[in-house]
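If you want the building blocks of each chain, they are given just below.
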Amino acid sequence: MIAQLHFVTPAPAVTLVEDPGVAVPEWAMTDGMVRDVGLSSVTRGCQMSVRVVFLHGVGASPTTLAWLPALNANLVQLGADELDESSVCLPQYSDLLSTANIGAPLPPLTYKSVNEIAEGRAYELRQARLERWLKADAEASGMGWDVVPTSVVDFAVWAALGLKPAEVLDQAARYVTDDKLRGAVLKRVLVQFPSAGSVVVIGHSLGSLIAIDLLDQLPPDVHVKRLITMGSPAGSRTVHDKGERLLRKFPHMRVDDWVNFYGVGDVITGGRGLGAVFPEAHDVRLAIGASHEAVYYFQRPLVAEVVADARAPRSSDVVPASPLVEADADATEVLSLFGLTFAHHVAENIVDDEKQQRYRQALSVVQAEMAQELRERAEADGRPVSAAVAALVNAARPRLAHVSRLEDVLDVLVIGAMTNLVAPYEINASRAVEGAMRDMCVDLGLRGKWGLDVYQAVVAVKSVVRDVSGLRWPAIALGAAGVALSAAGPLGMALWTRDRRTDAAADMLHAPGALSDGSKFSAMAAALGQAESKASAATTPIAQLATDLVIRVAVEQARDNVPGVRRNDEAWFLLAEKERDIAAELRKLSTFSDPGGAGIGELKQKQELVKRLINYMIENGLGPDGSDA
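Please read these numbers as outputs of a predicted model, since none were measured by experiment. Position labels on residues start from 1 in each chain and follow its written sequence. Only residues with pLDDT of at least 70 are given local features in this predicted model, and only at 80 or more are side-chain atom pairs given and counted; all residues enter the totals for whole chains, interfaces and linings. The side-chain values count all of the structure's non-hydrogen atoms but skip hydrogen atoms and water molecules.

Caption draft 1: Looking closely at the overall build of the protein chain. Helix numbers and strand numbers start at the N terminus; a helix is a DSSP run of H or I with at least 4 residues, a strand a run of E with at least 2. The helix and strand tally for the protein chain stands at 24 helices and five strands. For the protein chain, the residues scored as buried account for 53% of the 629 residues in total. Taking as baseline every contact in the protein chain between residues at least 6 positions apart, the subset at least 24 positions apart corresponds to 81%. With an accessible surface of roughly 25,900 Å², the protein chain has 52% of that area assigned to carbon and sulfur atoms. Partly exposed describes any residue whose relative accessible area lies between the buried limit of under 20% and the exposed limit of over 50%, with all areas from a 1.4 Å probe on protein chains only and scaled to the type maximum. Should any heavy atoms of two residues lie within 4.5 Å, those residues are counted as being in contact. To be clear on the numbers: accessible area is Shrake-Rupley with a 1.4 Å probe, and residue cover counts the displayed protein chains and nothing else.

In structure tokens:
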């Protein structure tokens, strides 16, 4: 049962008045009055115990609540009380948007960060919670018009529907680029805004830009429990190119989280979310057809759920996280279940229906075989079969325990991105890996964006060595037979990692109850680096050497990509060691061998591989202490 929502809002009068009863900031005064941008009598109502503020778009009546019945209907379904027309604060500024030569100075910034990194990480943990339960909602997707390319939904169609997208986009561009207009609008809104307390801010269309613009200029005692934007003109090139004018630094401790709803058929959004301009936003696509008005967004039950959750946060996530493995499970089970979960996320992100069906079917076979092999391993070791392994027979996606730090899973995320998770079947699902990496991070209780950062690191490093002579890189990525990492699916991924651990690390990882799942991942990552440094570069097959080294460099690049994650120099010194070993072996063989011998040719290929990776690290500031070495 969702707690009752309580909101207070203004009467709909719009007559401009001089109201001595309104608490107006000094900066908004002109000779003791507030005539320059206009205040209505609604201001007094907004100064009460406001919990929701709605900022309207272009052309909307300043007093209309046409969207409220739709929201009410869905709130009732959720068990929340209806909101009457006196329950929503509607700051009024539409007259300013159509007035020429209107202007006022921009309000001063009121937010100052104390510890930007710590505040940003705290925000991303809150945002990760929001992502988890939004992702579990089947409504957060699109059908019908929402799968039609944006170019098909042209302005002629919208004109036939009585809509004027050009006017909205022009006004959005004017607002972003005209500081005097921004100052006037912000001044008007801020005078009508609550002076203290927690609020939920909802901005539709142009109102979404105003909402974003307000965040670092709100009264210091106001806290935004949730920012909800919908139908935002993200498709406007002006917004994308000049979005930093609205919000230079996000106030992480003033805003708890941010969800942006958009429809692909909504031409004002351009079929684009806000995440590319404002990374703090979590974009959710809704099936609203070729619509833009606020009422169509509020008709979606998920929007009401997001509003209700902001007032009474859930005590737990929609998808509860069960332990990945019990205390008596070993490290191979941990990695195997991790790999299986990754494979399920890959399947979910394959867009081709036929390929997705084949991948799911192959995965069901792999999962059943893995369950059997893991049971046999547990019995051979004299251990009981863990509940997580026993549950694999139902073909469902395993549930992962949450981890507290990205560092705990960074290595295995990179390994998973480079592994064929349904081997021995060969199904090229490389385009789905990016989304799977994002979803894996959400599953682990981390920010989905971190997964995208890790994926970009893998892509960047792989591209450096893709055309090295003699290296069949696509075979590695797709898991051709003979490549240890890629040839055996999730279980092979686990065994590959296990085989590269030191004996001491193995004892630590197998000790019942010795480590949490996150600690096991972290310990395996540390031991992996130690074992790789002992392998001979001269005798290691080039495919395996490339895989090992690309993993290490990609992990280091990912550390650099994600703010707040500490870097280390392991990859650099590993490459330096391999460079030395290969040079020594090449000098030794060159003395007596034929110049065109196969051994010398492969050593030169390895030398080129290592050289490219070292140069990549230098060019990207990944040398020791971030220098160019």
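Caption draft 2: Highlighting the packing of helix H2 (residues 68–78) against helix H11 (residues 301–311). Fitting a line to C-alpha atoms yields each axis, with helices limited to the stretch in contact; the angle taken between N-to-C directions then spans 0 to 180 degrees. Where H2 meets H11, the closest approach of the two axes is 9 Å, and the angle between their N-to-C directions is 70°. The angle between H2 and H11 falls in the class roughly perpendicular. Handedness of the H2/H11 crossing: right-handed. Contacts between H2 and H11 involve Leu71, Asn74, Leu75 and Leu78 from the former and Pro301, Ala304, Glu305 and Ala308 from the latter. Three classes are used: nonpolar for Ala, Val, Leu, Ile, Met, Phe, Trp, Tyr, Cys and Pro, charged for Asp, Glu, Lys and Arg, and polar for all others, with Gly counted as polar. Of the residues that constitute the contact of H2 with H11, the class distribution is six nonpolar, one polar and one charged. Under this scheme an angle from 65 to 115 degrees is roughly perpendicular, one under 35 degrees roughly parallel, and one over 145 degrees roughly antiparallel; angles in between are oblique. Put simply, a crossing is left-handed when the front helix is turned counterclockwise from the back one by less than a right angle, and right-handed when it is turned clockwise.

Caption draft 3: Structural view of the nonpolar core. Side-chain atoms within 4.5 Å are what join buried Ala, Val, Leu, Ile, Met, Phe, Trp, Tyr and Cys residues into a set we call a nonpolar core. Counting residues in hydrophobic clusters, the biggest one holds 79 residues, and the most contacted among them are Phe342, Val346, Tyr359, Leu406, Val409, Leu413 and Leu613. Among all residues touching Leu613, those that are not within four sequence positions of it are Val461, Val464, Val465, Leu549, Val550, Val553 and Leu575. Residues Leu55, Leu181, Leu186 and Leu215 belong to the second largest nonpolar core, which totals 42 residues.

Caption draft 4: How the structure looks around the pairing of strand E5 (residues 282–285). Every second residue of E5 is oriented toward a common face, the buried set being His282 and Val284 and the non-buried set Asp283 and Arg285. With four bridges joining them, strand E4 (residues 258–262) and E5 adopt parallel strand pairing. What sits directly across from Val259, in E5, is His282. A pair of strands is treated as paired once DSSP finds two or more bridges between them.

Caption draft 5: Up close: the side chain of Arg559. Mapping Arg559 onto the fold places it in helix H22 (residues 542–561). Residues scored as charged are limited to Lys and Arg (positive) and Asp and Glu (negative), so that His and the chain ends carry no count. Each salt bridge in this description consists of a side-chain nitrogen of Lys or Arg and a carboxyl oxygen of Asp or Glu lying within 4 Å of one another. Glu556 is the oppositely charged side chain nearest to the buried, salt-bridge-free Arg559, at an N-O distance of 4.1 Å. Apart from residues lying up to four places away in sequence, Arg559 is in contact with Glu407, Leu410, Val565, Arg566, Arg567 and Asn568.

Caption draft 6: A look at the confidence of the model for the protein chain. Summary statistics for the protein chain give a mean pLDDT of 74 and a share of 69% for residues scoring 70 or more. How sure the predictor is of each residue is captured by pLDDT, a score from 0 to 100. When the criterion is pLDDT under 50, residues 1–45 qualifies, and its contacts beyond four places in sequence or with other chains add up to 107 contacts. Confidence drops under pLDDT 50 across residues 495–533; counting only partners more than four residues distant or on other chains, this segment forms 76 contacts.

Caption draft 7: Local environment of H22. Here a helix's expected span is defined as the number of its residues, less one, multiplied by 1.5 Å. An ideal rise of 1.5 Å per residue puts 28 Å on 20 residues; H22 measures up with 27 Å between its terminal C-alpha atoms. H22 sits mainly inside the fold: 16 of its 20 residues count as buried.

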